[in-house]
Amino acid sequence: MRVIDVATSPTTVTLVVGGDLDLAERDQFPELAARVNRLARPMLVVDMCQVEFMDSAGAGFLISLARTAAEHGGKTVLRGIAPRDEFVLEVCGAVDLFEIDRDHTCELSPHPG
């Protein structure tokens, strides 16, 4: 996983990630989650347009972000999620934790949609 950008506005944190969200990258998840959580905005947008692969460890990372946001009254939006990655969240029983931005069109994406 590579963090491409973390941007903030008064109401939103946008996290742009790329590469693989998987078991091999799990050591990065706690530090990145702490960084995002410290920014404490009502909305977290995770831009997944450049994610190439996600497994259950990556889903766990996203789930932890969404649960923390929800505990503080916020919501988590997934933008540019590939159908295969959405399926991983479904298998984990967690897709309902997220708002899926189906209107977003990825400009530079390793996957369609």
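See above for the structure.
Quick caveat: nothing in here was measured; it's all calculated off a predicted structure.

Counting 30 residues, the largest nonpolar core has L21, M48, L62, L78 and L89 as its most contacted members. At the level of elements, β2 (12-21), α1 (29-39), β3 (43-54), α2 (56-71) and α3 (83-91) are the ones that each hand at least two residues to this core. Broken down by element, this core gets its largest block of residues, seven residues, from α2.

Within the element layout of this structure, H72 appears in the loop between α2 and β4 (75-79). Distance from H72 to S56, taken between C-alpha atoms, is 24 Å for residues 16 residues apart in sequence.

End to end, α2 covers 22 Å across 16 residues, agreeing with the expected 22 Å (1.5 Å per residue, within 8%). Turning to α2, the residues buried within the fold contact β2, α1, β3, β4 and α3. Backbone geometry just downstream of α2 places G73 in the positive-phi region, at approximately 80 degrees.

What counts as what
- Residues numbered from 1 in each chain as written.
- Predicted model: local features only at pLDDT ≥ 70, side-chain atom pairs only at ≥ 80, totals over all residues.
- Heavy atoms only, no water.
- Core = buried A, V, L, I, M, F, W, Y, C linked by side-chain atoms within 4.5 Å.
- Buried < 20%, exposed > 50% of the residue type's maximum accessible area, 1.4 Å probe, protein only.
- Helix = DSSP H or I, 4+ residues; strand = E, 2+ residues; numbered from the N terminus.
- Expected span 1.5 Å × (residues − 1).
- Contact = heavy atoms within 4.5 Å.

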